[in-house]
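Results of the structural survey
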2 protein chains.
Amino acid sequence: MATKHDPTSGPRAAMIGSAVDLIRERGVAATSFADVLAHSGAPRGSIYHHFPRGKSQLVEEATQAAADRLGRGVERVLDATDTVGALRALADVWRRGFETSGYRAGCPIVAAALGTEPGARSIAGTTFDTWCSLIATKLTVEGVGSARASSLSVLIVSALEGALVVAQAQGSTTPLDTVVAELELVCRAAVSR
Amino acid sequence: MATKHDPTSGPRAAMIGSAVDLIRERGVAATSFADVLAHSGAPRGSIYHHFPRGKSQLVEEATQAAADRLGRGVERVLDATDTVGALRALADVWRRGFETSGYRAGCPIVAAALGTEPGARSIAGTTFDTWCSLIATKLTVEGVGSARASSLSVLIVSALEGALVVAQAQGSTTPLDTVVAELELVCRAAVSR
DNA sequence: GTCTATACGAAGATAGAC
DNA sequence: GTCTATCTTCGTATAGAC
């Protein structure tokens, strides 16, 4: 039977998914077990059965799950188009997320990076690095020298994450659109040389 | 007597200053009154005397105080040199802050933007906007067209704030240095055209 | 795996004395 | 302005039954 031990279903997965949603909205410190249980509908008695290390473990697994999901999304759009097209596609996803959530849901990796769980903080650090590598590799394929591709990828990830923070604080997608347009100019100049 | 009603001294100012420090390290939600009292040495009985609206008020005033302080710093470096020089000067300040705090203290405005107090969130939004305007004005003086200056300033603020988050998560100032170097290239290209 | 009950501490906030 | 005491709610975590 294929559904046995399916890590994407069941109360455990539901709790992780809810933790991601709530952390995006309120941050790590303000997300409690009670919130996660109410949001996921998971049974009360199974928290420390599924997560023996308690909140640290839940937050770490939620951060890792969000990192994996977002990382797959980045890989997918980088495979489908060029760097500039990928930038636009990613901005579209975030723009929609802001509009449908009323600017309540931000990036879960930023929330983890600034949160109260050291384990999750360090997962956020390596996640940013992974994203930079994916983008740098793509830029290299497009003809950018490896040193420049590496530093440009750091600018892209930083600017995008910063734009999400600014956009959320201002309740407007304009900063995000502006930053993507500026990054497009930089990428084009770097590729065509 | 000149020290009468001095808003920069006394228990009230000490509490605001401590709140800024603690919010930078732990975020808004994880910063409690007990923490602020212990850190500032302020008397316990005066919390709701000085801040009748409680934690919301303290966090809002702390965010505004930090915004004013940082805004004056930005104005100062923009007056002293050109945009590129200001970028380097600001990066120096943050680099030192990370190194002396063991990468514990981040940007208080980002913390407010992602925190649990709506009032402070909105102060963060207008603060980002103020910084963008300051930088855009400087770029205009340096010969950049006003539309481009405006969008470039959004890139600069977003990339800088994003770089702070990435640098803190990775426990390294390298992302900050890399982003500033990339922003320098963009600024030079925009000015000399 | 899930339940209830509970321990234990900390949070924000208020009341009234000094 | 500052104190102590207290209220109430909520947080994480554990114990032991089912």
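Let me begin by describing the structure that accompanies this report. (Residues numbered from 1 in each chain as written. Chains lettered and ligands numbered in written order. Predicted model: local features only at pLDDT ≥ 70, side-chain atom pairs only at ≥ 80, totals over all residues. Heavy atoms only, no water.)

Helices and strands together make up the secondary structure of chain A, namely nine helices and zero strands. Along the chain direction, N to C, the helices and strands of chain A fall in the order α-α-α-α-α-α-α-α-α. The C-alpha radius of gyration of chain A comes to 18 Å, within 12% of the 16 Å expected for a compact globule of 193 residues. In chain A, of all internal contacts separated by at least 6 residues, the share reaching a separation of at least 24 is 64%. (Helix = DSSP H or I, 4+ residues; strand = E, 2+ residues; numbered from the N terminus. Rg over C-alpha atoms; globule rule 2.2 N^0.38 Å. Contact = heavy atoms within 4.5 Å.)

Moving on: the pattern of salt bridges. Residues and elements named next belong to chain A. Here the structure, examined in full by the defined rule, presents 16 salt bridges over all chains. Ionic pairing is found between aspartate 177 and arginine 95, a salt bridge with its closest N-O pair at 2.7 Å. Of this pair, aspartate 177 sits in helix α9 (residues 174-191) while arginine 95 is found in helix α5 (residues 83-101), placing the two residues 82 residues apart along the sequence. (Salt bridge = Lys/Arg side-chain N within 4 Å of Asp/Glu carboxyl O.)

For any two helices packed against each other, one specifies the inter-axial angle together with the distance between the axes. Residues and elements named next belong to chain A. Here helix α4 (residues 55-80) crosses helix α7 (residues 118-141) at 5°, and the two axes come no closer than 9 Å. The orientation of α4 relative to α7 falls into the category roughly parallel. Here Val59, Glu60, Thr63, Gln64, Ala67, Leu70, Gly71, Val74, Glu75 and Leu78 of α4 lie close against α7, whose contacting residues are Gly119, Ala120, Ile123, Ala124, Thr127, Trp131, Leu134, Ile135 and Lys138. In terms of residue class, the contact of α4 with α7 is built from 11 nonpolar, five polar and three charged. (Axes fitted to C-alpha atoms, helices over the stretch in contact; angles between N-to-C directions. Parallel < 35°, antiparallel > 145°, perpendicular 65-115°, else oblique. Nonpolar A, V, L, I, M, F, W, Y, C, P; charged D, E, K, R; others polar.)

With that settled, consider the protein's contact with DNA strand C. Not every one of the 14 residues close to DNA strand C is listed here, only the nearest: A:Pro43, A:Arg44, A:Gly45, B:Ser32 and B:Tyr48. Restricting attention to atoms of DNA strand C within 4 Å of the protein, one finds that 71% of them are sugar or phosphate atoms. Contact distances for DNA strand C include 2.7 Å between a phosphate oxygen and a backbone N or O atom of A:Arg44. Contact between DNA strand C and B:Lys55: a phosphate oxygen at 3.2 Å from a main-chain N or O atom of the residue. Counting residues per element, the ones that place at least two in the surface near DNA strand C are α3 (47-50) of chain A together with α2 (33-40) of chain B. Here the residues of the surface near DNA strand C sort into five nonpolar, seven polar and two charged. (Near = heavy atom within 4 Å. Polar contact = N/O pair within 3.5 Å; in protein donor to acceptor, adjacent residues only side chain to side chain.)

Turning our eyes to something else, we now look at the relation of the copies chain B and chain A. With an RMSD of 0.0 Å, the fit of chain B onto chain A corresponds to turning through 180° and sliding 0.0 Å along the axis. Both copies are brought into coincidence by an operation consistent with a two-fold rotation axis. Taken as a fraction of all interface residues of chain B, those also at the interface in chain A reach 100%, which identifies the copy contact as same-surface. (Least-squares fit on C-alpha atoms with pLDDT ≥ 70 in both.)

Now for the protein's contact with DNA strand D. Near DNA strand D you find 14 residues, and of these A:Phe33, A:Tyr48, B:Pro43, B:Arg44 and B:Gly45 are the closest. A share of 74% is what sugar and phosphate atoms reach among the atoms of DNA strand D within 4 Å of the protein. A:Phe33 has a polar backbone atom sitting 3.1 Å from a phosphate oxygen of DNA strand D. Between DNA strand D and the protein, one listed contact pairs a phosphate oxygen with a side-chain N or O atom of B:His50 at 3.3 Å. Counting residues per element, the ones that place at least two in the surface near DNA strand D are α2 (33-40) of chain A together with α3 (47-50) of chain B. For the surface near DNA strand D, the per-class residue count stands at five nonpolar, seven polar and two charged.

Residue and element names in this part refer to chain A. Two elements in contact, helix α8 (residues 146-170) and α9, have axes whose closest approach is 8 Å; the angle formed by their N-to-C orientations is 170°. Classified by the interaxial angle, the pair formed by α8 and α9 is roughly antiparallel. Together, Arg148, Leu152, Leu155, Ile156, Ala159, Leu160, Ala163, Leu164, Val166, Ala167 and Gln170 of α8 and Pro175, Leu176, Val179, Val180, Leu183, Val186, Cys187 and Ala190 of α9 make up the contact between the two elements. Grouping the amino acids of the contact of α8 with α9 by side-chain chemistry returns 17 nonpolar, one polar and one charged.

Tallying the contact residues gives 35 residues for chain B and 35 residues for chain A. Of the roughly 2800 Å² buried at the junction of chain B and chain A (both faces included), carbon and sulfur atoms supply 69%. Our enumeration of links across chain B and chain A arrives at two salt bridges. For B:Glu182, the salt bridge goes to A:Arg148, with nearest N and O atoms at 2.8 Å. Counting across the interface, chain B meets chain A through eight residue pairs in polar contact (both at pLDDT 80 or more). Elements with a contribution of two residues or more to the side of chain B that touches chain A: α1 (10-26), α6 (108-113), α7 (118-141), α8 (146-170) and α9 (174-191) of chain B. (Buried area = accessible area lost by both parts, 1.4 Å probe.)

So, about the nonpolar core. Judged by nonpolar contacts, the single largest core of 132 residues is most densely connected at A:Phe128, A:Ile156, A:Leu183, B:Phe128, B:Ile156 and B:Leu183. If near-sequence neighbours (up to four positions away) are discounted, B:Phe128 is found in contact with A:Val165, A:Val166, A:Ala169, A:Gln170, B:Ile109, B:Val110, B:Ala113, B:Val157 and B:Glu161. (Core = buried A, V, L, I, M, F, W, Y, C linked by side-chain atoms within 4.5 Å. Buried < 20%, exposed > 50% of the residue type's maximum accessible area, 1.4 Å probe, protein only.)

Worth remembering: the numbers are spatial, not functional.
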